[in-house]
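For reference, the chains in residue letters:
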Amino acid sequence: MRLKMESYIKEKQKEIVAALEKVEGGKPFIVDTWERKSSGGGGISCVLQDGEVFEKAGVNISIVYGKLPRAAILKMRADHKNLDPSVESLDFFAAGLSMVLHPKNPMAPTVHLNYRYFETMAEEDGATQTWWFGGGTDLTPSYLFDEDAIHFHKTIKQACEKHDKRYYPTFKKWCDEYFYVKHRGESRGVGGIFFDDLDDKDPEQLFSFVQDCLNSFLPSYIPIIERRKNMPYTPEEKDWQQLRRGRYVEFNLIHDRGTAFGLNTPGARVESILMSLPLTAGWKYMHSPAPNSREERLLEVLRKPVEWV
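Please read these numbers as outputs of a predicted model, since none were measured by experiment. (Residues numbered from 1 in each chain as written. Predicted model: local features only at pLDDT ≥ 70, side-chain atom pairs only at ≥ 80, totals over all residues. Heavy atoms only, no water.)

Q: Explain the overall build of the protein to me, using residue names and the numbers behind them.
A: When its secondary structure is counted, the protein shows 10 helices and 9 strands. In terms of principal-axis extent, the alpha carbons of the protein reach across some 65 × 40 × 40 Å. Looking at the protein as a whole, 53% of its 309 residues are labelled buried. For the protein, the exposed surface amounts to about 14400 Å²; the carbon and sulfur share of it is 53%. When the 42 basic and 45 acidic side-chain charges of the protein are each reduced to a single mean position, those positions are 2 Å apart. (Helix = DSSP H or I, 4+ residues; strand = E, 2+ residues; numbered from the N terminus. Buried < 20%, exposed > 50% of the residue type's maximum accessible area, 1.4 Å probe, protein only. Areas by Shrake-Rupley, 256 points an atom, 1.4 Å probe, with all protein chains shown as cover. Lys, Arg positive; Asp, Glu negative; His and termini not counted. Charge placed at Lys NZ, Arg CZ, Asp CG, Glu CD.)

Structure, rendered in C-alpha cells:
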C-alpha cells in the first residue's frame, strides 16, 4: 500500500497541475523537489504565485518516514488502541497529496484538498502495525453562489456513494464540525467532506474510495473556476475577500491539526506546510457587513451549515 499510494499521488499531482496551468493560461507552476534532511523521505511542491487566475496555488505531495515521538504516539492512541504506549518512539510512514488554491477574483472560491495514508511499523521487521486513511476537500467562497456549492457537494457525494451510502452525510457533518473557527463562531467555508483514521474496511477498498474522491476534484472545481475567474468585481469586494482570507489564516494557524502535526514533526518542510496560507490577507477592527448584503448572507450560511444536496 505504501508503494501504491506513493505512485498514485505522484500521478495525480501531475494531472492536477496540468489542468490548473490550462485554467491559468500560461504561467507555469514552480516545481520544488525537497528531502527531509534529518529524517527519511521528501516530497514535491508545485507552487504558482501572482498568476492571472490564481493569486497563490500549491499542489504538494510528501512521502515521509522516520520515528514518531512518544507525545505523538500517546495522542494517536485515542483512535488506535493497539499502539504501544510504553515505547519512546515508533517507526512510521506517511504519504499524501495536499492542495490549496486561492484565486485572484473574489467571486471565485478558494478550495482545499488533502488525501493521505499513514501507517506505523514494527521496529524489528518493518511489518505494518496500524494503518489508516484520512482526507477530504472543502470550498471557501468570499461571495456565495448557491449553484457552485451544490455542484461541489453533488460531485463529492457521488464519489462517496460508490462505496458507502453513509460516507457523504457522515463526512459532510465531520467537515462542518472540523472546519469551524471557534473563536469567530463560524465555519471556514461551505464545507465538503472530511475524514480521518479510516480503517474500518479492507485497505484495498479504502484505497479505491480515496482514489475516487481525489479523481472527483477536477470535475468538482474546474467548472466553478471557469465560471467565476473573469467576473467583474469592485475594490470593495476585493477588500471583503481579504477579510475572509484572514479568517482562513486564523483557522489554519490556530485550529488545523494537519498544520500542527507538520510543524511538530522533526525535519518538517515549513515552506510546504505553510503553502496553504494566502499570498495576502486582511484584518479590520470591528468590521461588520451591511444589512441584507451578499457579505451578510455569506456569514449567515457560515454560522449555520446548509445541506446543499
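Q: Quick rundown of the packing of aromatic side chains? Include the residues and the values.
A: Evaluation of the coordinates by the stated rule reveals 20 aromatic pairs. An angle of 75° between the planes, with centres 6.1 Å apart, marks the rings of Trp 131 and Phe 133 as edge-to-face. Trp 131 sits in the buried class, given a relative accessible area of 19%. Between the aromatic rings of Tyr 178 and Phe 194, the centroid separation amounts to 4.2 Å while the plane-to-plane angle is 5°, which identifies the pairing as stacked. In this pair, Tyr 178 is assigned in helix 4 (residues 167-178) and Phe 194 in strand 9 (residues 191-198), connecting sequence segments 16 residues apart. Here Tyr 178 and Phe 194 have matching classes, each one buried. Through a chain of ring-to-ring contacts, the aromatic side chains of Tyr 115, Tyr 167, Phe 171, Trp 174, Tyr 178, Phe 179, Phe 194, Phe 195, Phe 209 and Phe 251 assemble into a single cluster. When the ring centre of Phe 145 is taken as reference, the NZ or CZ atom of Arg 228 above it lies at 3.7 Å. Taking the ring centre of Phe 145 as reference, the NZ or CZ of Arg 294 above it sits at 4.8 Å. (Phe/Tyr/Trp six-rings, centres within 6.5 Å; stacked < 30°, edge-to-face > 60°. Lys NZ or Arg CZ within 6 Å of the ring centre and 35° of its normal.)

Q: Now, about the pairing of strand 5 (residues 110-121): what can you tell me, with residues and values included?
A: In the case of a regular strand, side chains alternate between the two sheet surfaces. Where burial is concerned, most of strand 5 is hidden: 11 out of the 12 residues are buried. Inspection of the sheet shows strand 4 (residues 89-103) paired to strand 5 by 11 bridges, in the antiparallel sense. Its bridge partner being in strand 5, Phe 93 is matched across the sheet by Glu 119. Two successive antiparallel strands, strand 4 and strand 5, enclose a turn made up of 6 residues. Judged from the 12 bridges that link them, strand 5 and strand 6 (residues 128-140) form a sheet pairing that is antiparallel. Paired with Glu 119 across the bridge in strand 6 is Trp 131. The loop that links strand 5 with its antiparallel partner strand 6 comprises 6 residues; one of these, Gly 126, has a positive phi angle of about 75°. (Pairing = 2+ DSSP bridges.)

Q: Let's hear about the packing of helix 5 (residues 203-215) against helix 6 (residues 217-228): which residues, and what values?
A: Put simply, helix 5 and helix 6 touch, their axes get as near as 5 Å, and they point 15° apart. Judged by the angle between their axes, helix 5 and helix 6 are roughly parallel. Across the interface between the two elements, Cys 213, Leu 214 and Asn 215 of helix 5 pack against Phe 217, Leu 218 and Pro 219 of helix 6. Split into classes, the residues belonging to the contact of helix 5 with helix 6 amount to 5 nonpolar, 1 polar and no charged. (Axes fitted to C-alpha atoms, helices over the stretch in contact; angles between N-to-C directions. Parallel < 35°, antiparallel > 145°, perpendicular 65-115°, else oblique. Contact = heavy atoms within 4.5 Å. Nonpolar A, V, L, I, M, F, W, Y, C, P; charged D, E, K, R; others polar.)

Q: I'd love a proper account of the pairing of strand 4, names of residues and values included.
A: Across the 15 residues of strand 4, 13 count as buried, placing the element largely inside the fold. Bridging between strand 3 (residues 54-69) and strand 4 involves 15 bridges; their strand directions are antiparallel. Residue pairing for strand 4: Phe 54 is matched across the bridge by Pro 103.

Q: Requested: an account of the pattern of salt bridges, with residues and values cited.
A: Per the counting criterion, the structure on display carries 27 salt bridges. Of the charged contacts, one joins Lys 67 and Asp 91 as a salt bridge, the two residues approaching to 2.8 Å between their closest N and O atoms. One end of the pair, Lys 67, is in strand 3; the other, Asp 91, is in strand 4, and 24 residues separate them in sequence. Residue classification places Lys 67 among the partly exposed residues on the basis of a relative accessible area of 43%. Looking at Asp 91, the relative accessible area reads 17%, which means it is buried. (Salt bridge = Lys/Arg side-chain N within 4 Å of Asp/Glu carboxyl O.)

Q: So, the side chain of Ser 293: which residues are in play, and what are the values?
A: Assignment of secondary structure puts Ser 293 in the loop between helix 9 (270-273) and helix 10 (294-303). One polar contact links the side chain of Ser 293 to the main-chain carbonyl oxygen of Ala 290, over a distance of 2.6 Å. (Polar contact = N/O pair within 3.5 Å; in protein donor to acceptor, adjacent residues only side chain to side chain.)

Q: Mind laying out unusual backbone geometry, listing which residues take part and the relevant values?
A: The phi angle at Asp 50 is positive, at roughly 55°, despite the residue not being glycine. Here Asp 50 shows up in the loop between strand 2 (40-49) and strand 3. We note that Met 286 has phi near 55°; this positive angle belongs to a residue other than glycine.

Q: Tell me about the side chain of Ser 272, residues and numbers included.
A: Relative to the helices and strands, Ser 272 resides in helix 9. The buried category is assigned to Ser 272, whose relative accessible area is 12%. Filtering out sequence-adjacent residues up to four positions away, Ser 272 remains in contact with Trp 34, Ser 45 and Asn 60.

Q: Any details on the environment of Phe 217? Residues and values, ideally.
A: For Phe 217, the location among the structural elements is in helix 6. The residues contacting Phe 217, other than those within four sequence positions of it, are Ile 16, Met 99, Leu 101, Val 111 and Leu 113.

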